[in-house]
Structures are given as structure tokens and as C-alpha cells.
Amino acid sequence: MQKIVGVRFKEAGKIYYFNPNNFEVQRNDFVMVETARGLEMGEVLVPAKDIPDEEIVAPLKDVLRVASEKDHQIAAENAVLEREAHDVCQKKILERSLSMKLVDVEYTFDRSKILFYFTADGRVDFRELVKDLAAQFKTRIELRQIGVRDEAKMLGGLGCCGRPVCCKTFLGEFQPVSIKMAKEQNLSLSPTKISGLCGRLMCCLKYEQDTYECLRKQMPKIGKDVMTPDGIGIVMENNIISEKSRVRLTLEDGTNDMREYRFSALSKPSQEDFDKHVLLKEEAAAIKAERDAAREERAARVAARRRPNGVKPQKQPTLEAFEQAERAARIPEPAKPSAPRPAPKGQAQDGQAQGEAPKNAQKRPNQNRRRRRPKNGGGGQGGKPSTP
């Protein structure tokens, strides 16, 4: 067995284990420890306890001392310097016209290194930016590119539930989330409803996934025969939240009914119960067939009574035909255009000069033209003979 304490360096960050080194530390105390980045100050979240040696990741480093007032003052000064470094770096990025977004700045406790966290769509050549920052701060500079989930964890914000995002509040590590979880929980697959501030799937989809998987194993599968208090039925739907199953039952009169039961009230039917259910379904099918036959026979008698023998029934007008007839009755027939009145003698019609014939007037033969005489010199019927 080994005694350890859990220390966290950032808000909602990962917890690392150290050897308390005989220091009496309690929860929410600050201690100084040695890490890969040098001397760091962290907050104790897990008080001293004994764990098996198999669960310890060697080597286990020691707690150097309990943080003093001077250590807290240095940490407060580092926070002020971080804000100033953020403004300086942001100006340098604009001067260089780099396609990157500065997210956060972090000083090490001994100020031997400054870490700049940024996001970008692709690779960014920031070598000249590092030279400018090193000349400005006279210390080691490290630029680290992070993802959108880490950006949301550092900046924080409000989620769609109205509460602060989980990654900023209490999540120490990101858990893998897949679209399969949203499907199994019967959620909307719209990206705007299942995505967080980072644009990825919400971390809270993972919270209830274990419960859904456990209940789904206990509930009957869809399409299976189950024994209910009202008889054997077929499972049509499962509701994980209410822990109820919707079952389709075949009643004695041959009709089907949908009812809901708690999955704890359902069981696998025995062979005897299943045989009774099969007989009940056969009897129900026979009753339904007799009912359908009687309905058809009654409909045939009614149809034969309405028309004489040998006369085919006329096709009943449909609703669309009635509506068309009503619309035709409502619309009045267009009036026929009346013939234009002849203009009085010596007076021209509108748009027509006096003595000019209308444009649309039909050409009529001239009745005053003399008729041609026959070539044989004979006159017309009942007329006088022509003289040479």
C-alpha cells in the first residue's frame, strides 16, 4: 500500500497523484510540487489515502512543501503578467497577418517559460512570431496548437441547457462521444441540437449512455412475444425513460389493442401459454373472416335492391365533379360581342378619316358594276336581242 494525495493545477483539470512526504495536507490546501515543467503550485483535491501499489504509475514524485503567502503572491503576479503577454502576442499576430486565434497564455511558476495556446485551421509558420516574442519577454517561448474542445474548456461559456459548460466546470478529461449514442437515446440527429459550443457532439451524451445500455439489456426486444397480465402480445416499442414497453394484444373478438406495461411485469411465455395464444389467434381469425363475409353479403344485397336486374349501376359522381359543377354555375357566361353600328352618312367612326373605309370591313362585290354580255350576242332570258 502507498499513501498518495491528488493535486490539480487548473480549474476542472486533470488530477495528478503525489507522495505527501509526511506533510499533513487537507482538501483545498495548496502545495508546491515538482513536475515536468518545473516547480508548480497546485490545489489538493484528494486528501491523503492508501491505494494498492498496482494502481500507482511510477515514478511517484514527492510534495516539496505547503504553499506559503509568498507563493500565493507570486501566483497572483503571474496572472497579471499573463494578461499583459496575451495583449502583446495578439498585436504581434495582427502585425504578421497570421491566420491563428490566440486562446490563452500561461506562465510557469518560476517564469522560465511562457506558453501560448492558439487554434488554427491548418499548419501555421510562426517562427518569426516566436523571435518577436522572445525579444520582447527575454525568456523561453512555446506556442502550442490546440483543438476546438480544448478551446471551449479554456474559455468556458453557457451550454444549451443554460448552465456553464461541463468541460469548464468539472470534466477533467474528454470522453469519446459518437453519433450512435444519440441514436440509442432517441434524440434528434440535427447537428444544431446535439452539438456543443465547440461544434462537436455534446459531452453529456456520455452521461446516460451506460444507463441506456443497462436498461436495454433488461427490456424485451422489439418484435418478440411476451407474456403480459392480459395475455400474450408482441412488443412494438420500448421507452427507456419511462421503463415501459408498448405491446400489441389480440383480443378474443379478433381485434388488436395497444397497451403499455412496465418491463418488469413482462416475462417470456411458456409453451402452454403460447399454444393457447395460437388457438386464440386462429379463433379470432375465423371470427374476423365470418364478420367480413357477412359484411360483404349484406353490401351485395343492398346493392341488388337499389338497381333492377341486368342493369349496371351508374357511376356515382365524385366530390370533384360536384365542385366543378358548382364552380361552373357560379361563373357567368361571357357576353357575346355586339355588331358595330354603321356610322351615319357623312360621319366617320372613331379613329377613321371621313371617306375612308374601315380596316376590318369585308370586301363586297360592286353591285353597280354592269353585267357582262354573253359572247354569242344573245340577250338574257326574257330580254331583247342585241343589235350588231
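Residues numbered from 1 in each chain as written. Predicted model: local features only at pLDDT ≥ 70, side-chain atom pairs only at ≥ 80, totals over all residues. Heavy atoms only, no water.

Caption draft 1: How the structure looks around the layout of surface pockets. Volume-wise, the largest pocket comes out at about 1,600 Å³. As for the largest pocket, its lining consists of 48 residues, and the residues nearest its centre are Arg 8, Phe 9, Lys 10, Arg 37 and Glu 106. Its residues assigned to classes, the lining of the largest pocket comprises 24 nonpolar, six polar and 18 charged. (1 Å grid on protein atoms, 1.4 Å probe; cavity = no way out; pocket = protein on both sides within 12 Å on 5 of 7 lines; lining within 4 Å. Points joined across faces, edges and corners; volume = space filled by probe spheres on them. Nonpolar A, V, L, I, M, F, W, Y, C, P; charged D, E, K, R; others polar.)

Caption draft 2: A look at the state of the cysteines. The final tally for this structure, using the stated rule, is zero disulfides. Left without a disulfide partner, Cys 167 is nearest to the cysteine sulfur of Cys 203, which lies 5.9 Å away. Using a relative accessible area of 7% as the deciding quantity, one classes Cys 167 as buried. You can see Cys 198 has no disulfide; the closest cysteine sulfur is in Cys 203, sitting 6.5 Å from it. For Cys 198, a relative accessible area of 22% corresponds to the partly exposed category. (Disulfide = S-S within 2.5 Å. Buried < 20%, exposed > 50% of the residue type's maximum accessible area, 1.4 Å probe, protein only.)

Caption draft 3: View of the packing of aromatic side chains. Enumeration according to the criterion identifies five aromatic pairs in this entry. With 5.9 Å between their ring centres and 45° between their planes, Phe 9 and Tyr 16 make a pair best called tilted. Since its relative accessible area comes to 28%, Phe 9 is described here as partly exposed. Taking the centre distance of 6.5 Å and the plane angle of 40° together, the rings of Phe 116 and Phe 137 count as tilted. Of the two residues, Phe 116 is situated in strand S7 (residues 113-119) and Phe 137 in helix H2 (residues 127-137); the sequence distance between them amounts to 21 residues. You'll find Phe 116 and Phe 137 in the same group, each marked buried. An aromatic cluster is present here, built from Phe 9, Tyr 16 and Phe 18 joined pairwise through their rings. Note that Lys 153 overlies the ring of Phe 174, its terminal NZ or CZ placed 5.8 Å from the centroid. (Phe/Tyr/Trp six-rings, centres within 6.5 Å; stacked < 30°, edge-to-face > 60°. Helix = DSSP H or I, 4+ residues; strand = E, 2+ residues; numbered from the N terminus. Lys NZ or Arg CZ within 6 Å of the ring centre and 35° of its normal.)

Caption draft 4: Representation of helix H7 (residues 209-218) in the model. For H7, every residue scored as buried is listed here: Gln 209, Tyr 212 and Leu 215. Buried residues in H7, looked at end-on, bunch into an arc of 130°, giving them a common side. On its buried side, H7 packs onto helix H5 (179-184). (Arc of directions from axis to C-beta. Contact = heavy atoms within 4.5 Å.)

Caption draft 5: Focus on the sheet that holds strand S10 (residues 231-239). Pairing in this open sheet of four strands is antiparallel, and the strands run S9-S10-S11-S12 from one edge to the other. Whereas interior strands pair on both sides, the edge strands pair on one side only; in this sheet they are strand S9 (225-228) and strand S12 (256-262). Strand-to-strand twist of the sheet, defined as the mean angle between neighbouring strand axes without regard to direction, takes the value 45°. Across seven bridges, strand S11 (residues 244-250) lies against S12 in antiparallel orientation. Along S12, the bridge assignment pairs Leu 249 with Asp 257. (Pairing = 2+ DSSP bridges. Axes fitted to C-alpha atoms, helices over the stretch in contact; angles between N-to-C directions.)

Caption draft 6: Broad picture of the sheet that holds strand S3 (residues 30-35). Taking strand neighbours across the sheet as the criterion, the five strands line up as S2-S1-S4-S3-S5 in an open arrangement whose pairing is antiparallel. Of all the strands in the sheet, the pair left with one neighbour each is strand S2 (15-18) and strand S5 (63-66). Each adjacent strand pair in this sheet contributes to an overall mean axis angle of 45°, direction not counted. Alignment of strand S1 (residues 2-8) against strand S4 (residues 38-51), held across six bridges, turns out to be antiparallel. Within S4, the position partnered with Val 7 by the bridge is Val 44. Contacting S3, S4 and S5, helix H1 (residues 69-96) runs over the sheet at an angle of about 125° to S4.

None of the figures reported here should be taken as evidence of function without further support.
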